[in-house]
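# A structural walkthrough
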Amino acid sequence: MSAQAVSVGGLSLKNPVLVASGTFGYGREFAPLFDLSRLGGIMVKGVSVTPWAGNAGVRVAETESGMLNAIGLQNPGLQHFLDVDWPWLRRFDTAVVVNVVGHSVAEYVAVTEAVTAAGVGAVELNVSCPNIADGLVFGTDERALFGLVSAVRKVTALPLIVKLSPNTSGPLPYARAAVEAGADALSLINTVLGVAIDRNSGQTVLGNRTGGLSGPAIRPIALRFVLEVAAALPVDLIGMGGIATAQDAVSFLQAGAGAVAVGTALFRDPWTALRIIDELPAALSTAGYQTVDEAVGRAVRQERERRDGRGRS
Amino acid sequence: MSAQAVSVGGLSLKNPVLVASGTFGYGREFAPLFDLSRLGGIMVKGVSVTPWAGNAGVRVAETESGMLNAIGLQNPGLQHFLDVDWPWLRRFDTAVVVNVVGHSVAEYVAVTEAVTAAGVGAVELNVSCPNIADGLVFGTDERALFGLVSAVRKVTALPLIVKLSPNTSGPLPYARAAVEAGADALSLINTVLGVAIDRNSGQTVLGNRTGGLSGPAIRPIALRFVLEVAAALPVDLIGMGGIATAQDAVSFLQAGAGAVAVGTALFRDPWTALRIIDELPAALSTAGYQTVDEAVGRAVRQERERRDGRGRS
Amino acid sequence: MSVSQETVRVLERLTVAPGVCELVLEAPSLATALRPGQFVMLLSEAAGAPYLARPMSYFRRSTDTISVLFKTTGSGTRHLAGLMPDSRLRVLGPLGRPYRDPAPGEVWLVGGGVGVPPLYDWALTLRQSGHRVVAVIGARTSAELLAVEAFAQAVDECLVTTNDGSAGRRAAAADVLSDAAKTVYACGPVGMLRAVQHWASGRSVPTYLTLEAHMACGFGACLGCTVEAAHPDPTLGAYGRYLRVCQEGPTFLAEEVTL
Amino acid sequence: MSVSQETVRVLERLTVAPGVCELVLEAPSLATALRPGQFVMLLSEAAGAPYLARPMSYFRRSTDTISVLFKTTGSGTRHLAGLMPDSRLRVLGPLGRPYRDPAPGEVWLVGGGVGVPPLYDWALTLRQSGHRVVAVIGARTSAELLAVEAFAQAVDECLVTTNDGSAGRRAAAADVLSDAAKTVYACGPVGMLRAVQHWASGRSVPTYLTLEAHMACGFGACLGCTVEAAHPDPTLGAYGRYLRVCQEGPTFLAEEVTL
Ligand SMILES: Cc1cc2nc3c(=O)[nH]c(=O)nc-3n(C[C@H](O)[C@H](O)[C@H](O)COP(=O)(O)OP(=O)(O)OC[C@H]3O[C@@H](n4cnc5c(N)ncnc54)[C@H](O)[C@@H]3O)c2cc1C
Ligand SMILES: Cc1cc2nc3c(=O)[nH]c(=O)nc-3n(C[C@H](O)[C@H](O)[C@H](O)COP(=O)(O)OP(=O)(O)OC[C@H]3O[C@@H](n4cnc5c(N)ncnc54)[C@H](O)[C@@H]3O)c2cc1C
Ligand SMILES: Cc1cc2nc3c(=O)[nH]c(=O)nc-3n(C[C@H](O)[C@H](O)[C@H](O)COP(=O)(O)O)c2cc1C
Ligand SMILES: Cc1cc2nc3c(=O)[nH]c(=O)nc-3n(C[C@H](O)[C@H](O)[C@H](O)COP(=O)(O)O)c2cc1C
Ligand code: FES
Ligand code: FES
């Protein structure tokens, strides 16, 4: 195992840098640009049981140090993934994490079962979807979340990752619910709800009115979620939100993430994740670490010491 | 009444641009720089019943397009405000809004009663403080919020503004609780919880570990809160969060705020609020409005039409 | 050639008309790689530059340079228009599908406002391969007409239209399309594109529309730039409802999209 | 003079030592207004500049210029160190309280590492008003010594210390303080300031420490830059626990603060 290799939630990664769901499609657009096998892992665009059309109207808007998106989880659906994308993707020597979306527990279960059978690397549940039956969002209702994760857990032995929404007063109740229901790891964070107003019309830029904020603007929010969970629960974390440099990646490791994912930064420069992979060893050794694992949770240890009354006053 | 004059929650402002609590002290540091009477209003630093020391350690950290603060509501307390700050501030021809902080309902009530008697312009409740008795934060617990606002409402006839925390899954339950308890207006938003990690130590930069994120990075989040409340409730709003230009101010008006407050931008340039006041008429007329009121809620009207099924598909 | 991202130097900044600017960039490999109809994403890292890159068609090219011609409409274009010679820009490209070849017979190019840039190099290419090319350059008013002289020199016939009659014919660009056109390529405001689409409906003249959309990536990754498909691929289910302007476009047959 | 914010031009950028840079700014009104001990907030709006301004003491000044001397420690100083002559910077100042006047007798200035800048103009001022001035310039190692020649010329006696003995005495700067000192002004790393504070305790020599703190505003508005008061003003209650470095400082008497 190289100094770059890590394991999160039982998923082995050759390096701790993945690409975040929804910012890398199913890899096809990037394959002409670089060898996908260089990546620690690929978290594919959310897969639903049937194809989803996504939202009408303008889908992306720019903000300061970030962007809003209202793609609406457009995706070709499970069958297409199994028939077309997975056979193509599996040739690469990288961990493929299938991001699963659904409007009901049954939909999540169906996708998870199928991709488990297909032999993907891990499952990541995107719980920011509205539950059509109850009108609530899985990710902002602890009990719904517990139910969802428990049900999915029953049908897969793969590393099960739950991706939390930052649109709550804090991660802990949701993190606990997910872990108690059997999640092996958590992804932190999904996008933050936001709005952009069009200068000329005075109306919302996005067709869907609200969108998800991503990019460097949300990095402090993501670090808060990572640190808060790392300090409270013994669960592996994948950190994401505004990562654009190796230094950013180190911050997430220090906050307690065992691996990181690069998202929006890929839109400005599709080679960002590779650059981070190349520069991470130097960034780690500058910070005084020999391996990735040494870096993980520096701030958490401080946090635990504070809690135990041994830290700075 | 000039085209710039507005009224929010019964508070008359000569122009719709205030300065946000905690970014303007009690005005003293700015008085040598410009005539405070030019401002629509001053929301003073949070006032507590007794003096508060604030937090130890590093209190500010920089982030992309923003900053984190963990001041900890350091303030000289009610008596000092009444004896020293208010007599000095009241000479200026501008609305003075007293931001009130406390660790119990009784503390909020005491401050509100006293500043009401002193004759300030309005009261703004900062409900992001932990309630020492129950260990919860007023602003993230609807029932606690309702109780707090109801109690304060009983002791003041001044315009009563409640400032909501963005660290919730959405503003509506809290906005409703505040309005039902008698709030005349809402301020949106307070800072977003965040963390910064120190490159060298791998630990949190802030002594208090977490801090409040402010500045342009949070503007889309603030606009979401304003739009969501404006579309749902008939209550006056003061919008804030990352406002740095007249165009930003117009966006908040369009989203549904009747007035705006400038905060963090003052740290980079203490004349920002004045510049916005000077440039607002031109920005409004470029956007096709003759008065401030015409601009307010353009996006809300769109929102209402959508809800009523008359909007774009 | 596959997509690459290069840091290039601004050689010249020309003010072509009020609020319209041409930036000439030193970009030899892109100058070779780009095909007519393709575009680039321009990312500035200079003071006050916005977060996302901006999509732009290329307008002209030489062996070593490409240029973009654009109107100042917001923060990004204002920033680009303010770049001084010798500034640096990161350019991602070539992006999008090149123009598809025309049917035999007269080719009509219809450019409205700042829709003209992609058509110019296409005009040159078509002429070189022996096509008779008619250009229709339209704008609301004469002051907004762009690149008329360049097109006049490049094509066999150049018609000018303005909505207010201040230059050329008082007409919308689409109104002057005639049955002489055996293939049409149009680029311009959505209203104009709809008119061209309407003209094409019922005719069997291949009519290509070059679209714009808000883009985050420009290379197919974000799904941000979609347009509604007129005839969704039934094998794709609901997923087929939208096409990516940056990947399946930016140029579509008129009957492929719902505008 | 009251605080103002000006856009000034970078005239020169000198690399003084590895990782240490002096920027000379064209700033005539600040050059007149600043008093020794005061500082400015530097805000760059150029490519990649950070969001907040950076506090810096001024180092030298002429009629029309001021300079800042700083070490590259992070994003902001790295950015400042990369500014080319003719770049613009927004400078807010003068900020902070000037040095308070010394007691009669020998004045000792103790500068550690990049703590020397504020002491230099003070040295000149003190000499001009007839004080005998001794400077102690310390650093960990000889390569990190700054402005030794400038001080050597400006003061009556200049002592050099390094922790590793690679230049001057092998000592910490604070160790060479002697009873000859009738007033002390020290600026440098917190370890050095603590040592100076320790030296001062029990002596009745007025000893001034110039502190650093993370600052958002620099002019007293944010309460971000606090240091613990050693003897809180009892009339202020808990509020008195902290003092603002930017407003009540940056220079405090050693007995005023807890480091
Ligand atoms: C493939 C393609 C080729 C283009 N070629 C040209 C060209 O040659 N000349 C030219 O003048 N313009 C062209 N455009 C339009 C150009 O990209 C926009 O005018 C520009 O992005 C506006 O940016 P802004 O910051 O000035 O406007 P703002 O309104 O401030 O932009 C805010 C956000 O909305 C996006 N946006 C706003 N309007 C448009 C638009 N019309 N199209 C796409 N995104 C938009 C911006 O990219 C940005 O992300 C092209 C667009 C596309 C998609
Ligand atoms: C009144 C005053 C005068 C100063 N004069 C000088 C001088 O003459 N020469 C010199 O080299 N340095 C001086 N400093 C320190 C200088 O401000 C910091 O080195 C600088 O802010 C670091 O910024 P950075 O972006 O490079 O570091 P980063 O660590 O990337 O900065 C991140 C944030 O922390 C703050 N920060 C980090 N370290 C310090 C620090 N030591 N002091 C204050 N803020 C810090 C930054 O301002 C920024 O907000 C002075 C500080 C103060 C308060
Ligand atoms: C355009 C876009 C599409 C996204 N789609 C998904 C998705 O399908 N499933 C998911 O779990 N997260 C999705 N995300 C969220 C990202 O995976 C990531 O959590 C978030 O953007 C924060 O990281 P970043 O700031 O590095 O982009 C999407 C983000 C963007 C910008
Ligand atoms: C340093 C600092 C101190 C603040 N103190 C207070 C406070 O005492 N009371 C309060 O209600 N809000 C306080 N706030 C929040 C601001 O009033 C404002 O709601 C928030 O910063 C968002 O606006 P901005 O992005 O323009 O700064 C403070 C913000 C900052 C940056
Ligand atoms: S712009 Fe990203 S998919 Fe087209
Ligand atoms: S830096 Fe803002 S109060 Fe000192």
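Residues numbered from 1 in each chain as written. Chains lettered and ligands numbered in written order. Predicted model: local features only at pLDDT ≥ 70, side-chain atom pairs only at ≥ 80, totals over all residues. Heavy atoms only, no water.

Around ligand 1, 20 residues are found, and the nearest of them are C:R54, C:P55, C:G76, C:T77 and C:E212. Close to ligand 1, residues of chains A and C are found. C:S57 places a polar main-chain atom, nitrogen or oxygen, 3.0 Å from a nitrogen atom of ligand 1. Residue C:T77 places a side-chain N or O atom 2.3 Å away from an oxygen atom belonging to ligand 1. For ligand 1, whose accessible area on its own is 820 Å², the fraction buried by protein is 88%. Elements with a contribution of two residues or more to the shell around ligand 1: β4 (54–57), β5 (65–71) and α2 (75–81) of chain C. A total of four residues in the shell around ligand 1 trace back to one element, the largest contributor, which is β4(C). Counted by class, the shell around ligand 1 contains nine nonpolar, seven polar and four charged residues. Two domains each donate at least three residues to the shell around ligand 1, and these are domain 1 (4–95) and domain 2 (107–258) of chain C. (Near = heavy atom within 4 Å. Polar contact = N/O pair within 3.5 Å; in protein donor to acceptor, adjacent residues only side chain to side chain. Areas by Shrake-Rupley, 256 points an atom, 1.4 Å probe, with all protein chains shown as cover. Helix = DSSP H or I, 4+ residues; strand = E, 2+ residues; numbered from the N terminus. Nonpolar A, V, L, I, M, F, W, Y, C, P; charged D, E, K, R; others polar. Domains from an automatic or database assignment.)

Another aspect to go through is the relation of the copies chain C and chain D. Think of it as a corkscrew move, a rotation about one axis and a shift along it, taking one chain copy to the other. Mapping chain C onto chain D is achieved by rotating through 180° and translating by 0.0 Å along the same axis, at an RMSD of 0.0 Å. Interpreted geometrically, this transformation is the action of a two-fold axis. If distances are taken from each C-alpha of chain C to the rotation axis, the shortest is found for C:A47, at 2.0 Å. A shared binding surface is used by both copies, with 100% of the interface residues of chain C retained as interface residues in chain D. (Least-squares fit on C-alpha atoms with pLDDT ≥ 70 in both. Contact = heavy atoms within 4.5 Å.)

All names here are of chain D. With antiparallel pairing, six strands are arranged side by side in an open sheet as β4-β3-β6-β1-β2-β5. Edge positions in the sheet fall to β4 (54–57) and β5 (65–71), since each has one partner strand and no second. Within the sheet, the average angular offset between the axes of one strand and its neighbour, ignoring direction, is 40°. In terms of strand pairing, strand β2 (residues 20–26) meets β5 through seven bridges, oriented antiparallel. Of the residues in β5, the one forming a bridge with C21 is F70. (Pairing = 2+ DSSP bridges. Axes fitted to C-alpha atoms, helices over the stretch in contact; angles between N-to-C directions.)

This brings us to the site of ligand 2. Near ligand 2 there are 20 residues, and of these D:R54, D:P55, D:G76, D:T77 and D:E212 occur at the shortest range. With respect to ligand 2, its neighbouring residues span chains B and D. A distance of 2.6 Å separates an oxygen atom of ligand 2 from a polar backbone atom of D:G76. For ligand 2, a nitrogen atom lies 3.5 Å from a polar atom in the backbone of D:A213. When the free accessible area of ligand 2 is taken as 820 Å², the share hidden by the protein chains comes to 87%. Secondary-structure elements contributing two or more residues to the shell around ligand 2 are β4, β5 and α2 (75–81) of chain D.

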